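These are the residues of each chain, in order.
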Amino acid sequence: MSQEEISLIEESQQGDMDSFEKLIQPYQKKAFNIAYRMLGNLEDANDVTQEALIKIYKSIDKFKGNSQFSTWLYSIVSNSCIDYIRKNRKGKILYLDKDYDSGEGTYQLEVPDEENTPEYLLERKETQNMIQDAINQLNYEHREVIILREIEGFTYQEISEILKCSEGTVKSRISRARSSLRSLLGEKMKA
């Protein structure tokens, strides 16, 4: 942390609103982006970001400097998003079978639909972003074959025609690209 940031934190902890506004100003855009990526809705992201900034202001005296201020701020934003998702969960139920007659009435077997819950959608979006980031880190040849094969669904033969090389070369590149991708994703999963 810079000396200026430390001063702004100390002044904010004493209730100086101007200092607090200067302190959070560089982080507001990224805080909003985090909320937007987690929630997928502009209005919700705005609301949650504002709520998180209020929480940060109210609890600034609890910041002890054991981590970067930005890390602390972004964790509050992230946790606020998770709280919002949990609070606004709209679970659906799938009915798998027809009505059963129990003698006292009919019933259906119910199974919760986990596919469209906010947690599932968030996890899927995070996974897609992580995969896309890893693909973007591949060299051009590997990125090209992975996109053509795995995303666009072309056959080996079609890829060899597009790239004007043999099917063996295509298979070799795809194999190396998948290996690199596994390695990159493994590193991201550890982080």
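Residues numbered from 1 in each chain as written. Predicted model: local features only at pLDDT ≥ 70, side-chain atom pairs only at ≥ 80, totals over all residues. Heavy atoms only, no water.

**Describing the confidence of the model for the protein**
Now for step 1: Overall, the predicted model of the protein reaches an average pLDDT of 80, with 84% of residues at or above 70.
Now for step 2: Counting interchain partners and residues more than four positions distant, the pLDDT-below-50 stretch residues 91–96 has 16 contacts. (pLDDT = per-residue confidence, 0-100. Contact = heavy atoms within 4.5 Å.)

**Some points on a negative patch on the surface**
Now for step 1: The grouping of Glu10, Glu11, Asp16, Asp18 and Glu21 at the surface amounts to a negative patch.
Now for step 2: Checked against the element boundaries, Glu11 lands in helix 1 (residues 3–13).
Now for step 3: Overall, Glu11 belongs to the partly exposed group, its relative accessible area being 33%. (Patch = residues over 30% accessible without salt bridge, like charges linked within 9 Å, V, L, I, M, F, W, Y side chains within 5 Å. Areas by Shrake-Rupley, 256 points an atom, 1.4 Å probe, with all protein chains shown as cover. Salt bridge = Lys/Arg side-chain N within 4 Å of Asp/Glu carboxyl O. Lys, Arg positive; Asp, Glu negative; His and termini not counted. Charge placed at Lys NZ, Arg CZ, Asp CG, Glu CD. Helix = DSSP H or I, 4+ residues; strand = E, 2+ residues; numbered from the N terminus. Buried < 20%, exposed > 50% of the residue type's maximum accessible area, 1.4 Å probe, protein only.)

**Describing the pattern of salt bridges**
Now for step 1: Scanning the entire structure with this criterion turns up 3 salt bridges.
Now for step 2: One salt bridge connects Asp83 with Lys55, and the closest N-O pair in it is separated by 3.9 Å. With Asp83 in helix 5 (residues 69–87) and Lys55 in helix 4 (residues 42–58), this residue pair connects regions lying 28 residues apart in the sequence.
Now for step 3: Owing to a relative accessible area of 35%, Lys55 belongs among the partly exposed residues under this scheme.
Now for step 4: In this structure, Arg173 engages Glu141 in a salt bridge whose closest nitrogen and oxygen atoms are separated by 3.7 Å. Residue Arg173 is found in helix 9 (residues 167–190), and its partner Glu141 is found in helix 7 (residues 140–151); the two are separated by 32 residues along the sequence.

**Description of the environment of Cys165**
Now for step 1: Along the chain, the position of Cys165 falls in the loop between helix 8 (156–163) and helix 9.
Now for step 2: Classification of Cys165 by relative accessible area gives buried; the value is 19%.
Now for step 3: Not counting chain neighbours up to four residues away, the residues in contact with Cys165 comprise Ser160, Val170 and Arg173.

**A closer look at the environment of Ile56**
Now for step 1: Mapped onto the elements, Ile56 comes out in helix 4.
Now for step 2: Counting along the chain gives 17 residues from Ile56 to Leu73, while the straight-line C-alpha distance between them is 6.9 Å.
Now for step 3: Apart from the residues within four sequence positions on either side, Ile56 is in contact with Phe20, Phe69, Trp72, Leu73 and Ile76.

**Structural notes on the packing of helix 7 against helix 8**
Packed helix pairs are specified by the crossing angle of their axes together with the interaxial distance, meaning the distance between the axes.
Now for step 1: Between helix 7 and helix 8, the shortest axis-to-axis distance is 10 Å and the interhelical angle comes to 140 degrees. The angle between helix 7 and helix 8 falls in the class oblique. Between helix 7 and helix 8 the crossing geometry is right-handed. Residues Glu144, Val145, Leu148 and Arg149 of helix 7 form the contact with helix 8, whose own contacting residues are Tyr156, Ile159, Ile162 and Leu163.
Now for step 2: Residues belonging to the contact of helix 7 with helix 8 are distributed by class as follows: 6 nonpolar, no polar and 2 charged. (Axes fitted to C-alpha atoms, helices over the stretch in contact; angles between N-to-C directions. Parallel < 35°, antiparallel > 145°, perpendicular 65-115°, else oblique. Left-handed = near helix turned anticlockwise from the far one by under 90°. Nonpolar A, V, L, I, M, F, W, Y, C, P; charged D, E, K, R; others polar.)

**Digging into helix 1**
Now for step 1: Here helix 1 has its buried residues at Glu5, Leu8, Ile9 and Ser12. The buried residues of helix 1 occupy an angular sector of 100 degrees when the element is viewed end-on, so they sit on one face.
Now for step 2: Those residues of helix 1 that are buried are in contact with helix 2 (17–24) and helix 5.
Now for step 3: Just beyond helix 1, the residue with positive phi is Gly15, at close to 95 degrees. (Arc of directions from axis to C-beta.)

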